[in-house]
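Here are the chains, one letter per residue:
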Amino acid sequence: MEKLEENNSRVSITFEMIRYITLYYLTVAVLLTFIQVFFEYKDIRSTIEESVTNIFSSFNDSLTNSIWEFNDNQTETILKGINQSPVVLGVRLIQPDNKVIVELNDKDQDGLKNINQDKLGFFNPHRKFQFEHTLIKTLESGKSEVVGKLIVFSGNKVILDNLSSTIFYILVNSIIKTISLWTILIIFLRKKVKDPLGALIKQINDVDPQKPKVIEFNETEIDTIEVHKILVTFNSLIKELSKFKDVLEAIVENKSELLKEKSNEVQKLVAKLKNAQDQIINQEKMHSHSLVAAGIAHELKNPLNVTKNSIIILRNFFDEFKENNNHEDYVEDIEPILNMLISSSDRMEAIIKNMLLQAKPEYTEPTNINLSEFIDVNLKLVQKSLKTKASQSAKIEVEINEDIAIDVYPNEFGRLMVNLFENSFYALGEKLTKYKLKDKDFKPELKISAKFYGSDKVLLTVHDNGVGIPKDIREQVFKPFFTTKPTGLGTGLGLYLVSDIVHKHNGELTIHSEEDVYTEFQIVLPLKNF
């Protein structure tokens, strides 16, 4: 069982709970505070209305009489007295014809404007409202006459001045409640959640995965149902795991025995498969040898015939030479025949020399060969042994620097060349058949070149204009037993052996091809190998 690891991207349950509770608590507190302030606002507004009503009742007669008697001093004094009230921002006295007699607004620098503006702006300090009272003089005759109208102004400024202290106490109260709630939550969560969970996690981390045991916990330390359920569930899981562990160990032990038996069977099958693979590879090698052997037979047949015929001619010359005393007539005729014998002998000697090199056992010491002669011999041997239309009619161009001498395993390197030439002739033959079916003309070509590549390497290129290799299988042609040839015509090991031989010679092999256009093998080999 893996130890529990801390993840810095996660947060503490204490922090999360405090965050959520604080968020919701503050939301509710702000809402309740707003409601409380709203009702306080309404209450103060009602108090202002009552105060203004009392002012109207108290100063109604005196103010009416002073206006009736045109006592301006007394009128102004009364208005100043009304204006001194804490709920009044200003007063205005107007005549019945709406002409202003007196206006006082010492408490409001903005003047008596914005009356009842923005009715929903409860906390707009510039909001004002007014109270009107009509002044009526009752005459002795019982008649009444309007002498003017008294307008008293108040506003949010008065209400907010009264609310400021109330709001302060509300905010202080909320802050104290919030801090107290945080403290209680932290203490509670630490004691009831964090400490028990921390102890439980420590016990879980100490569980041996090889020998899991139930966790023993002091019941007095676990007095919450949630933590207790976690402990009980974990212990139940441990018990189940212990049972499964025993069952799995028995299964594993049984399977181990079966696997051991199967492993032995697989090893035997692998050995058989390897033997079969070796046999197939040896068959492929024998196929190369058979091609070479057939080519040797055909290649040696011509110089042997020349030699035989030359000897017969010489023997006839000697018979005539004995009978004729004019020796000088035969000297000029004999010399070309002797040169032909020498040339045929050199040709056979070169063929035999290269074949002896290739006949040596594999993995012997590398031999330094002349690359031009070696390729020339193997190319002609493949042509003679195949006897196909492509091998006989193909235009062959060989451009090889005659000074190139290279260290190779002759046996392996000869097989490499034979496989490459055979593949090229097969591709050319396939294209000849394909174009013949389409009534098209096609001239098969095979180009072989070799040149120095840097100071210590050689670049060998084999290029044919045959059917090419499709792009989707180009990666697979070097895999063993992969072939595009019909059943019975290929084992799928030719190019695999080519690749293997190149690597044994510490070389590099690359292939370039375009379907129905060309195929080109490029081999880079070190001059001095091993």
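Read on for a plain summary of the structure. (Residues numbered from 1 in each chain as written. Predicted model: local features only at pLDDT ≥ 70, side-chain atom pairs only at ≥ 80, totals over all residues. Heavy atoms only, no water.)

**A few points about the sheet that holds strand S11 (residues 518–526)**
The strands making up a sheet associate through hydrogen bonds between their backbones, and the pairing can be parallel or antiparallel. Taking strand neighbours across the sheet as the criterion, the five strands line up as S6-S8-S9-S11-S10 in an open arrangement whose pairing is mixed. On the outer flanks of this sheet lie strand S6 (395–400) and strand S10 (508–514), each paired with one strand and no other. Across the sheet, the mean angle separating the axes of adjacent strands is 10 degrees when strand polarity is ignored. Relative to strand S9 (residues 457–464), strand S8 (residues 445–453) runs antiparallel, the two being bridged by eight bridges. Counterpart to Phe-452 in the pairing with S9 is Val-458. Strands S10 and S11 of the sheet are contacted by helix H9 (residues 494–504), whose axis makes an angle of about 140 degrees with S10. (Pairing = 2+ DSSP bridges. Helix = DSSP H or I, 4+ residues; strand = E, 2+ residues; numbered from the N terminus. Axes fitted to C-alpha atoms, helices over the stretch in contact; angles between N-to-C directions. Contact = heavy atoms within 4.5 Å.)

**A closer look at unusual backbone geometry**
Positive phi, close to 60 degrees, is recorded for Phe-70, a residue that is not glycine. One can find Phe-70 in the loop between helix H1 (13–68) and helix H2 (72–83). By relative accessible area, Phe-70 is classed as exposed at 71%. (Buried < 20%, exposed > 50% of the residue type's maximum accessible area, 1.4 Å probe, protein only.)

**A closer look at the packing of helix H8 (residues 410–437) against H9**
One can describe the packing of H8 onto H9 by two numbers: an axis separation of 9 Å at closest approach and a directional angle of 140 degrees. Seen from above, H8 lies across H9 with left-handed handedness. For the pair H8 and H9, contact is made by Glu-412, Phe-413, Arg-415, Leu-416, Asn-419, Leu-420 and Asn-423 and by Gly-494, Leu-495, Leu-497, Val-498, Ile-501, Val-502 and Lys-504, respectively. Residues belonging to the contact of H8 with H9 are distributed by class as follows: eight nonpolar, three polar and three charged. (Left-handed = near helix turned anticlockwise from the far one by under 90°. Nonpolar A, V, L, I, M, F, W, Y, C, P; charged D, E, K, R; others polar.)

**Details of the sheet that holds strand S3 (residues 128–138)**
The strand order across the open sheet built from four strands is S2-S1-S4-S3, with neighbouring strands paired in antiparallel fashion. Unpaired on one side and paired on the other, strand S2 (100–104) and S3 mark the two borders of the sheet. Shown here is a sheet whose adjacent strand axes are inclined to one another by a mean of 15 degrees, direction ignored. Across the sheet, H2 touches strand S1 (90–94), S2 and strand S4 (144–155), and the angle it forms with S1 is around 150 degrees. With respect to the sheet, helix H3 (residues 156–205) is in contact with S3 and S4, its orientation differing from that of S4 by roughly 45 degrees.

**Details of the packing of aromatic side chains**
In total, this model carries four aromatic pairs according to the counting rule given. Look at Phe-38 and Phe-39: their rings are 5.7 Å apart centre to centre, the planes differ by 75 degrees, and that puts the pair in the edge-to-face class. Relative to Phe-442, the ring of Tyr-435 lies with its centre 5.5 Å away and its plane at 45 degrees, an arrangement referred to as tilted. Side by side, Tyr-435 and Phe-442 carry an identical accessibility label, which is buried. The ring of Phe-129 carries the charged tip of Arg-45 above its face, separated from the ring centre by 3.7 Å. The side chain of Lys-440 reaches across the aromatic face of Tyr-435, ending 5.7 Å from its centre. (Phe/Tyr/Trp six-rings, centres within 6.5 Å; stacked < 30°, edge-to-face > 60°. Lys NZ or Arg CZ within 6 Å of the ring centre and 35° of its normal.)

**Concerning a nonpolar patch on the surface**
A cluster of nonpolar residues, Val-28, Leu-31, Leu-32, Phe-34, Ile-35 and Phe-39, forms a patch on the protein surface that exposes about 600 Å² of accessible area. Turning to its location among the elements, Val-28 is positioned in helix H1. (Patch = residues over 30% accessible without salt bridge, like charges linked within 9 Å, V, L, I, M, F, W, Y side chains within 5 Å. Areas by Shrake-Rupley, 256 points an atom, 1.4 Å probe, with all protein chains shown as cover. Salt bridge = Lys/Arg side-chain N within 4 Å of Asp/Glu carboxyl O.)

**Quick notes on the pairing of S2**
Residues in a regular strand project their side chains so that they alternate between the two faces of the sheet. Two strands pair when backbone bridges link them, and S1 and S2 are joined in this way by four bridges, in the antiparallel orientation. Opposite Ile-94, over in S2, you have Val-100 as the bridge partner.

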